[in-house]
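An overview of the molecular structure
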Amino acid sequence: MHTGSCLCGAVRFTVEGELPGPDACHCTQCRKTSGHYWASTDVKRSALKVEGEFNVAWFRSSEKVQRGFCSTCGASLFWDPIGRDWLGVAMGAFDAPTGTRLAKHIFVADKGDYYDIADGLPQNAE
Ligand SMILES: [Zn+2]
Ligand SMILES: [Zn+2]
């Protein structure tokens, strides 16, 4: 069982089971919403329990995706591909230990120009 929360604690969550290796997404939307790049792990909706769900605000960032954040502190928490049975949960919101390691970088073609990716992990252009 893994636990996590937003910065202010108004939203808390648990995820049942192991956390799959997270992706780091460098696309423009993820950079704008997170302030840097976005690392998240994809978990089954049925494995996620959210406490204080009424404090989660949703922004429809594209036709098929909404992003959930805390309406009090603004912490980015969820990347939700509408209608799928899974969603992405922000790695930064988890309490340690997460028991997982970053698996790959995605959308590196859109990455910011102010940093390098030098950890040797796979990099996908999209
Ligand atoms: Zn909060
Ligand atoms: Zn992205």
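Worth saying up front: this structure is predicted, and the values here are computed from it rather than measured.

**Brief notes about the sheet that holds strand 5 (residues 48-51)**
To summarise the sheet geometry, strands pair through backbone hydrogen bonds and adopt either a parallel or an antiparallel arrangement. Pairing is antiparallel across the open sheet formed by 3 strands, whose spatial order is 1-2-5. The open sheet has two free edges, formed respectively by strand 1 (2-5) and strand 5, since each of these has just one partner strand. Neighbour-to-neighbour, the strand axes of the sheet open up by a mean angle of 20°, direction not taken into account.

**Quick word on the layout of surface pockets**
There is about 250 Å³ of room inside the largest pocket. When contributions to the lining of the largest pocket are tallied by element, the ones reaching two or more residues are strand 3 (23-25), helix 1 (28-34), strand 4 (38-44) and strand 7 (65-70). With 3 residues, strand 4 is the largest single contributor of residues to the lining of the largest pocket.

**With respect to the nonpolar core**
If you look at the biggest cluster of nonpolar residues, it comprises 24 residues, and the most contacted ones within it are Phe13, Val15, Leu48, Leu77 and Phe78. Of all the elements in the fold, those that place two or more residues in this core are strand 2 (12-15), strand 4, strand 8 (76-81) and strand 9 (86-90). No other element matches the 3 residues that strand 9 contributes to this core. Every residue in contact with Phe13, bar those within four places of it in the chain, is listed here: His2, Thr3, Gly4, Ser5, Leu48, Lys49, Val50, Phe78, Val89, Ala93 and Phe94.

**Side note on the coordination of the zinc ion (ligand 2)**
Around the zinc ion (ligand 2), the protein contributes the donor atoms Cys25 (SG), Cys27 (SG) and Cys30 (SG), at 2.1 to 2.3 Å from the metal centre. Here the donor residues of the zinc ion (ligand 2) share one chain and are spaced in sequence as C-x1-C-x2-C. For the pair formed by Cys25 and Cys27, the shared burial category is buried.

**Here's the deal with the sheet that holds strand 10 (residues 104-106)**
Overall, mixed pairing links the 7 strands, which are arranged 6-7-8-9-4-3-10 in an open sheet. The open sheet is flanked by strand 6 (56-62) and strand 10, the only strands paired with a single partner. If you compare each strand with its neighbour and ignore which way they point, the axes differ by 30° on average. Summarising the sheet, strand 4 and strand 9 pair through 5 bridges and their orientation is antiparallel. Bridge pairing in strand 9 places Thr41 opposite Val89.

**Here we look at the pattern of salt bridges**
It is possible for side chains of opposite charge to pair when their charged atoms get near one another. For the structure shown, the criterion picks out 3 salt bridges. With a closest N to O distance of 3.1 Å, Asp23 and Lys104 form a salt bridge. A residue pair is termed long-range when its members are at least 10 positions apart, and Asp23 in strand 3 and Lys104 in strand 10 qualify at 81 residues. Here Asp23 falls in the buried class, since its relative accessible area comes to 17%. Arg45 is paired through a salt bridge with Asp80; the nearest N and O atoms lie 2.5 Å apart. Of this pair, Arg45 sits in the loop between strand 4 and strand 5 while Asp80 sits in strand 8, and the two are 35 residues apart along the sequence. Since its relative accessible area comes to 30%, Arg45 is described here as partly exposed.

Rules used in this analysis
Residues numbered from 1 in each chain as written. Chains lettered and ligands numbered in written order. Predicted model: local features only at pLDDT ≥ 70, side-chain atom pairs only at ≥ 80, totals over all residues. Heavy atoms only, no water. Pairing = 2+ DSSP bridges. Helix = DSSP H or I, 4+ residues; strand = E, 2+ residues; numbered from the N terminus. Axes fitted to C-alpha atoms, helices over the stretch in contact; angles between N-to-C directions. 1 Å grid on protein atoms, 1.4 Å probe; cavity = no way out; pocket = protein on both sides within 12 Å on 5 of 7 lines; lining within 4 Å. Points joined across faces, edges and corners; volume = space filled by probe spheres on them. Core = buried A, V, L, I, M, F, W, Y, C linked by side-chain atoms within 4.5 Å. Buried < 20%, exposed > 50% of the residue type's maximum accessible area, 1.4 Å probe, protein only. Contact = heavy atoms within 4.5 Å. Donors = N, O, S within 2.8 Å, 3.2 Å for Na, K, Ca; no water. Salt bridge = Lys/Arg side-chain N within 4 Å of Asp/Glu carboxyl O.

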